[in-house]
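Observations on the model geometry
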Amino acid sequence: MQGLMMDRPLLISSILQYAASYYGDTEIVSVNTEGGEHRYGYRAMAQRSAQLAHGLLAHGMKTGERVGTLAWNNHRHLELYYGVSGVGGVVHTLNPRLFPEQIAWIIKHAEDRWLFTETTFLPLLEALADHLDRVRHIVVMTDRAHMPESSRLKQLMCYEDLLEGQPETIDWPEFDEHTAAALCYTSGTTGHPKGVLYSHRSTLLHAYGAAMGDMLAAGRGDAILAVVPMFHAAGWGLPYAGPIVGAKLVLPGPKMADGETLQRLIETEGVTYAAGVPTIWMALLGYLRESGKTLGRMRYAGVGGAACPPSIIREFHERHGVITAQGWGMTETSPLGSMALLSRAEHESLSDEARIARQAMQGRAAFGVEMRIVDDSHAELPWDGVASGRLQVRGPWVCSAYFRTEHSSAHRDGWFDTGDVAIIHPDGWLQITDRTKDVIKSGGEWISSIELENHAMAHPAVAQAAVIARPHTKWTERPLLIVLPAKDQQPSIDEWRKHFTGRVADWWIPDDVVYVEEMPHTATGKVNKLALRERYADFRFSNDRENQ
Ligand code: ADP
């Protein structure tokens, strides 16, 4: 017997209509690429998204057509999220931090017919001009006064001209909720980048899931600062969940890694919740230490994309009264998979150490995402807080196949293999210990690089730390500690041994340490371990006598 409820499609345009109707005056503030700030409410945002949609249709945009963006977090990018998908187009966010050849490859693979770009990225596109023959329109996301000239890119369109004179209302079309809405490529540290194609349905369900109290520590009356780029996994879904809960949105434009701007926005815009990767928070906390400035009304720091070192959790809380909410996810999971947001009771009952240890894990799966850990033969492992295995997930906002890719070894039996190694505690709390490709296999056992890094980062001499596996004749691999020093201090390996003793098993302790002047990062702001492994390809441990 079938239920007798209405079959209304889950469409992204409904978020816009809802926010415009109920939170019309709630603000969206963004830092302009050309300087200054722009502010308006959800009502005006919906009107301009409608104008954009009309403009796209007037220029022949068709259903399913890919519309590329090379853009910062700002109001125009937000309008593209809604205006393009709302009329059946696919907004394809390109990561400008990738190598130009990768960007060219992705534009071709996705068959982008439109490219929306900031003035900042025009030189990048000019360098790629020879690869853009199939792109029909290039639109610069600026106003007339700031329109640049380009000798290499012909017929540049101005974003504001595209909207000018178009109606401010639109009957958003209704179509199948499984229609593609957005496309985002993973950074592809190995092989070509892979496209994850979100649907309206997956985006809506993800937004519902993300808006839940245990996931997003923000609601009506809150102001969300989205420091995570909108070109990275749909800005972690904040551009969709924020309007649903009626929160103010603060978008930092090109000033994403700038502690001074972030602090100013947090204070002046009354930010209560801000989300970003750990490196962003390290930069902000460093700026606060030096300047003596504070975080105004901010109560929560959302952190994800890489493991959050306990030192960040501690400093946020002890110095600024800010609670850290660590999320785990990936482009393939839209991205929300889990969140470590403690209840008030846990905050009151746990000791500082126990609380930080729990916040330093990745938390509880979002309702809608099923998780399991398996061994190499795909047998399920227990949730006992001890067994560690490959983390697999499934759910309506988990990618079922990559865009235009025939085969993917990550998809099997209806589960997606995340490439992460994890432990699950008896109460379901997730703890990521590594990525499979970063895991250190010593004497047949695994050592968690994340745990070693977390302990290293707690040392006052460390600005940033990474641990990588290097070959060892006797043990196959041993951990090498790589440190970006905070000051001039460079503790010896003996001092490091003392630091780690009692914190981890003795056989986990790194055999050597090297100091670097800069830490390489990937296009998504994580420590680039592949680059480190290449840089230290010839490294030999001094205790590896047979391999000198
Ligand atoms: P990339 O393109 O860099 O792979 P993703 O955002 O898709 O970008 O990366 C997802 C990966 O980031 C996860 O598989 C996991 O390894 C890592 N990650 C994300 N959040 C966390 C977290 N809270 N703790 C540990 N690792 C994380």
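Here the structure is a predicted model, which means the values were calculated and not measured. Residue numbering note: each chain is counted from 1, following its sequence as written. Thresholds applied to this predicted model are a pLDDT of at least 70 for local features of residues and 80 or more for the giving and counting of side-chain atom pairs; totals over whole chains, interfaces and linings are not thresholded and use all residues. Only heavy atoms go into the side-chain values, all of them from the structure, while hydrogens and water stay out.

It is worth spelling out the sheet that holds strand β9 (residues 195-199) at this point. Any two strands with at least two DSSP bridges between them are considered paired. Where helices and strands are cited, they refer to DSSP runs of H or I of at least four residues and of E of at least two residues respectively, numbered from the N terminus. The strand order across the open sheet built from seven strands is β7-β6-β5-β3-β4-β8-β9, with neighbouring strands paired in mixed fashion. Looking at which strands have only one partner, the edges of the open sheet turn out to be β7 (156-158) and β9. Averaged over all neighbouring strand pairs, the angle between strand axes comes to 25°, with direction disregarded. Here three bridges tie strand β4 (residues 90-93) to strand β8 (residues 180-185), and the two strands are oriented parallel to one another. Among the inter-strand pairings, V91 is bridged to a residue of β8, identified as A182. Here helix α3 (residues 75-86) sits on the sheet in contact with β3 (66-70), β4, β5 (112-117) and β8, set at roughly 145° to β4. Residues are treated as being in contact if the distance between any of their heavy atoms lies within 4.5 Å. Fitted lines through C-alpha atoms give the axes, limited to the stretch in contact for helices. The angle between two N-to-C directions lies from 0 to 180 degrees. Running over the sheet, helix α4 (residues 100-110) touches β3, β4, β5 and β8 and is turned about 155° from β8.

Attention now moves to the domain arrangement of the protein. When the domains of the protein are assigned, the result is domain 1 (19-24 + 35-199), domain 2 (369-435) and domain 3 (440-547). What marks off one domain from the next here is an automatic or database domain assignment. For domain 1 and domain 2, the distance between their C-alpha centres works out to 33 Å. Tallying the contact residues gives 10 residues for domain 1 and four residues for domain 2. Using a 1.4 Å probe, buried area is obtained as the accessible area two parts lose upon being combined, added over both of them. Broken down residue by residue, the surface that domain 1 buries against domain 2 is led by H109, K194 and G195, which jointly contribute 51%. Think of a salt bridge as a Lys or Arg side-chain nitrogen and an Asp or Glu carboxyl oxygen that are within 4 Å of each other. Along the contact surface separating domain 1 from domain 2 lie one salt bridge. With a closest N to O distance of 2.9 Å, E111 and R404 form a salt bridge. Polar contact is defined as a pair of N or O atoms within 3.5 Å, subject to the rule that within protein one atom must be able to donate a hydrogen and the other to accept it, and that residues adjacent in sequence are counted only when both atoms are side-chain atoms. In this assembly, domain 1 and domain 2 are joined by three residue pairs in polar contact (both at pLDDT 80 or more).

One face of the sheet, then the other: side chains in a regular strand alternate in exactly this way. Among the six residues that make up β5, six are buried, leaving the element largely enclosed by the rest of the structure. Judged from the five bridges that link them, β3 and β5 form a sheet pairing that is parallel. Of the residues in β5, the one forming a bridge with G68 is L115. Only protein chains enter the area calculation, which uses a 1.4 Å probe; residues under 20% of their type maximum are buried, those over 50% are exposed, and those in between are partly exposed.

Packing of α3 against helix α8 (residues 238-245) leaves a shortest axis separation of 11 Å and a crossing angle of 85°. As summarised for this structure, α3 and α8 are arranged roughly perpendicular, according to the angle between their axes. Between α3, through L78, Y81 and Y82, and α8, the contact on the second element is made entirely by P239, Y240 and P243. Charged residues are taken to be Asp, Glu, Lys and Arg, nonpolar residues to be Ala, Val, Leu, Ile, Met, Phe, Trp, Tyr, Cys and Pro, and polar residues to be all remaining types, Gly included. A per-class count over the contact of α3 with α8 returns six nonpolar, no polar and no charged. Small angles under 35 degrees read as roughly parallel and large ones over 145 as roughly antiparallel, with 65 to 115 read as roughly perpendicular and the rest as oblique.

Moving on, we get to the packing of helix α11 (residues 310-320) against helix α13 (residues 352-359). Here α11 crosses α13 at 125°, and the two axes come no closer than 9 Å. It follows that α11 is oblique to α13 by the angle criterion. Of the two possible hands of crossing, α11 and α13 adopt the one that is right-handed. Counted together, P310, I313, R314, H317 and E318 of α11 and D352, E353, R355, I356 and Q359 of α13 form the full contact between these two elements. In terms of residue class, the contact of α11 with α13 is made up of three nonpolar, two polar and five charged. Handedness of a helix crossing follows the sense of rotation of the near helix relative to the far helix, less than a right angle counterclockwise being left-handed and clockwise being right-handed.

Right, let's talk about α3 for a bit. Counted at 1.5 Å a residue, the expected span for α3 with its 12 residues is 16 Å, and the 16 Å between its end C-alpha atoms agrees. A large share of α3 lies buried, amounting to 12 of its 12 residues. Within the span of α3, buried status applies to H75, R76, H77, L78, E79, L80, Y81, Y82, G83, V84, S85 and G86. Of the residues trailing α3, G88 is marked for its positive phi of about 90°. Here the expected span of a helix is defined as 1.5 Å times the quantity of residues minus one.

Bringing the packing of aromatic side chains into the picture now. Classification of ring pairs rests on two measures: the distance between centres of Phe, Tyr or Trp rings, Trp counted by its six-membered ring, which must be within 6.5 Å, and the angle between planes, read as stacked under 30 degrees, edge-to-face over 60 and tilted in between. Counting across every chain of the model gives 11 aromatic pairs. The interplanar angle of 45° and the centroid separation of 4.8 Å between the aromatic rings of Y18 and Y22 together place this pair among those described as tilted. In this pair, Y18 and Y22 are both assigned in helix α1 (residues 13-22), four residues apart and thus about one turn of the helix distant. Look at Y22 and you get exposed, because its relative accessible area is 58%. Ring geometry for W281 and F316: centres 5.8 Å apart, planes at 75°, overall edge-to-face. Of this pair, W281 sits in helix α10 (residues 278-291) while F316 sits in helix α11; the two residues are 35 residues apart in sequence, bridging distant segments of the chain. Comparing W281 with F316, the two get one shared label, buried. Linked through ring pairs, Y18, Y22 and Y23 together constitute an aromatic cluster. Above the face of the Y402 ring, K194 is positioned so that its terminal group lies 5.4 Å from the ring centre. A ring has a charge above it when a Lys NZ or an Arg CZ is no more than 6 Å from the ring centre and no more than 35 degrees off the ring normal. Over the face of the ring belonging to W429 we find R358, whose NZ or CZ atom lies 3.9 Å from the ring centre.

This next bit is on the side chain of T333. Residue placement: T333 occurs in the loop between β14 (323-329) and β15 (336-340). Assessed through its relative accessible area of 0%, T333 is described here as buried. Not counting chain neighbours up to four residues away, the residues in contact with T333 comprise H206, W328, V393, W397 and V398.

It is worth spelling out unusual backbone geometry at this point. With an omega of 5°, the peptide bond between S334 and P335 qualifies as cis. Among the secondary structure elements, P335 is positioned in the loop between β14 and β15. A positive phi angle, close to 70°, is found at H378, a residue other than glycine. On the secondary structure map, H378 appears in the loop between β17 (370-374) and β18 (388-394). The exposure class assigned to H378 is partly exposed, which follows from its relative accessible area of 26%. Backbone geometry at R404 places phi at a positive 55°, although glycine is not the residue there.

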